[in-house]
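Summary of structural features
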Amino acid sequence: MGSDWTDRIRLRNLRFLLSLAQTRNLSHSAAALHTTQPGLSKWLKDLESDVGLTLFERHARGLTPTVHGQALIAHARRIEAQLDRAAADMNILREGGAGHVALGASGVAATEAGPLAVLEMAARMPSLRIDLVEGTMDLLLNQLSQGDLDIVIGRTLEDDPGLASFEAERLYTEPVDLAVRRDHPLVGRAAIGWDDVRQYRWVVWPKGSPIRKGLETALAEAGLSLPPNYIESNSVIANIALLRNSDAIGVASHRSASALADMNLLSILPLRLQCFGSVSMYWRRNEYHPRSVELALDCIRHVLRAPGAVQ
């Protein structure tokens, strides 16, 4: 096996590999890439010979990436994403900007923490181009791994082997609140118990999410479980709309619930759940980061580690 096969890889070759990963078909990829099927097939065989590993299994229906192929495809996707980011950064710098930072925020951070971080970045770096992307942690961390995002803010994930390629830094810990519309029948009650809130439909985050796990743990410790007719949603905006237009009860992190209450969108019920969730930021490990990303990390630390936050 040659040790210098990477010297012979060209950008066009990366596109070959990514196209095969997408189409799983030599003829379809050859047509899309404006080349011939025999030429593409020979290129793939030569690459496998250079690498010393089988990258695709051939069968009647087409191609299936092997474990080795999946690993190389993942590298190719990261390289392509970084090249796309490099082109975008050069355009921004050419136009007089200070660079580009792409920030991902999961539901727990999308209402308050993410926007505050963006505003701090904008204040400190007025010519910076900023992207804010909301999504679930699995999706955001995948985008971070592929190079489409620079930083992700979301729930702290414990003992997850998928985090090995990321740096993680805990920002704050907070309680979990129950939130309802402002004129909900339970608003204004002096005392509220589990029996009161279990009379209503609940809006909860998807199973497996940290806030859902915390909720289920708190209920289990009280000898209870979720009402069977709950609504499951991973959208902050949809959850707010569901609560504002019904008597449903929602579950939200304290910062998010407080921000929505300050905007007179929702009210917080005085039944405090005996569970806490911590929020962390994640970025790629062992990689050069432009100055804009380093400053963005400092901005997030500054604005989200404010006095009064429970560390």
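For the structure itself, consult the block above.
Residues numbered from 1 in each chain as written. Predicted model: local features only at pLDDT ≥ 70, side-chain atom pairs only at ≥ 80, totals over all residues. Heavy atoms only, no water.

This part takes up the overall build of the protein. Regarding its fold elements, the protein presents 12 helices and 11 strands. Overall size of the protein, expressed as C-alpha extent along the three principal axes, is 75 × 50 × 35 Å. The buried share of the protein, reckoned over its 311 residues, is 47%. For the protein, long-range pairs separated by at least 24 residues make up 72% of all intrachain contacts whose partners lie at least 6 apart in sequence. Carbon together with sulfur atoms contributes 52% to the accessible area of the protein, which is approximately 15,900 Å² in total. Distance from the positive charge centre (33 side chains) to the negative charge centre (35 side chains) of the protein: 3 Å. (Helix = DSSP H or I, 4+ residues; strand = E, 2+ residues; numbered from the N terminus. Buried < 20%, exposed > 50% of the residue type's maximum accessible area, 1.4 Å probe, protein only. Contact = heavy atoms within 4.5 Å. Areas by Shrake-Rupley, 256 points an atom, 1.4 Å probe, with all protein chains shown as cover. Lys, Arg positive; Asp, Glu negative; His and termini not counted. Charge placed at Lys NZ, Arg CZ, Asp CG, Glu CD.)

Time to look at the nonpolar core. Of all hydrophobic cores here, the largest spans 31 residues; its most connected members are Leu178, Val197, Trp202, Ile249 and Val251. Elements represented by at least two residues in this core include exactly strand 6 (166-180), helix 8 (194-197), strand 7 (202-204), helix 9 (210-221), helix 10 (236-244) and strand 9 (249-253). In this structure, Val101, Leu295, Ala296 and Ile300 belong to the second largest nonpolar core, which totals 26 residues. (Core = buried A, V, L, I, M, F, W, Y, C linked by side-chain atoms within 4.5 Å.)

The next thing to look at is the environment of Phe276. Among the structural elements, Phe276 can be located in strand 11 (residues 276-284). Residues Phe276 and Thr173 lie 103 residues apart in sequence; the distance between their C-alpha atoms is 6.7 Å. For Phe276, the residues in contact, after removing those within four places along its chain, are Thr173, Glu174 and Pro175.

Here we take up the environment of Gly193. Note that Gly193 resides in the loop between strand 6 and helix 8. On the basis of relative accessibility, which here comes to 23%, the residue Gly193 falls in the partly exposed class.

Under the counting rule described, the total for this entry stands at 1 aromatic pair. Taking the centre distance of 5.2 Å and the plane angle of 80° together, the rings of Phe16 and Trp43 count as edge-to-face. On the criterion of sequence distance, the pair formed by Phe16 in helix 1 (residues 11-23) and Trp43 in helix 3 (residues 37-51) is long-range, its members being 27 residues apart. Each member of the pair, Phe16 as well as Trp43, is classed as buried. In this structure, Arg255 is placed above the aromatic ring of Tyr172, and the distance from its NZ or CZ to the ring centre is 3.8 Å. (Phe/Tyr/Trp six-rings, centres within 6.5 Å; stacked < 30°, edge-to-face > 60°. Lys NZ or Arg CZ within 6 Å of the ring centre and 35° of its normal.)

For the rest of this paragraph, the subject is the packing of helix 6 (residues 113-124) against helix 12 (residues 291-304). Taken N-terminus to C-terminus, the directions of helix 6 and helix 12 make an angle of 125°; their axes are 9 Å apart at the nearest point. Looking at the two axes, helix 6 sits oblique to helix 12. In this structure, helix 6 meets helix 12 at a crossing whose hand is right-handed. Here Ala113, Leu116, Ala117, Glu120, Met121 and Arg124 of helix 6 lie close against helix 12, whose contacting residues are Leu295, Ala296, Asp298, Cys299, Ile300, His302, Val303 and Leu304. Of the residues in the contact of helix 6 with helix 12, the class split is 10 nonpolar, 1 polar and 3 charged. (Axes fitted to C-alpha atoms, helices over the stretch in contact; angles between N-to-C directions. Parallel < 35°, antiparallel > 145°, perpendicular 65-115°, else oblique. Left-handed = near helix turned anticlockwise from the far one by under 90°. Nonpolar A, V, L, I, M, F, W, Y, C, P; charged D, E, K, R; others polar.)

Okay, the packing of helix 1 against helix 3 next. Helices that pack against each other are described as a pair by the angle of their axes relative to one another and the distance between those axes. Relative orientation of the contacting elements helix 1 and helix 3 amounts to 100°, with a least axis distance of 11 Å. The angle between helix 1 and helix 3 places the two elements in the roughly perpendicular class. Here Asn13, Phe16, Leu17 and Leu20 of helix 1 come into contact with helix 3, specifically with Leu40, Trp43 and Leu44. Across the contact of helix 1 with helix 3, the residue classes break down as 6 nonpolar, 1 polar and no charged.

Looking now at the pairing of strand 5 (residues 151-155). Of all 5 residues in strand 5, 5 are buried, a share of seventy percent or more. Here 3 bridges tie strand 3 (residues 100-105) to strand 5, and the two strands are oriented parallel to one another. When the bridges of strand 5 are listed, Gly104 appears paired with Val152. As defined by bridge partners, strand 5 adjoins strand 11 across 4 bridges and the pair is classed as antiparallel. (Pairing = 2+ DSSP bridges.)

A few words now on unusual backbone geometry. In this structure, Arg24 takes a positive phi of about 55° despite not being glycine. Mapped onto the secondary structure, Arg24 falls in the loop between helix 1 and helix 2 (26-32). Even without a glycine there, the phi angle at His34 is positive, about 60°. On the secondary structure map, His34 appears in the loop between helix 2 and helix 3. On the basis of relative accessibility, which here comes to 74%, the residue His34 falls in the exposed class.

Just distances and angles here, no functional claims.
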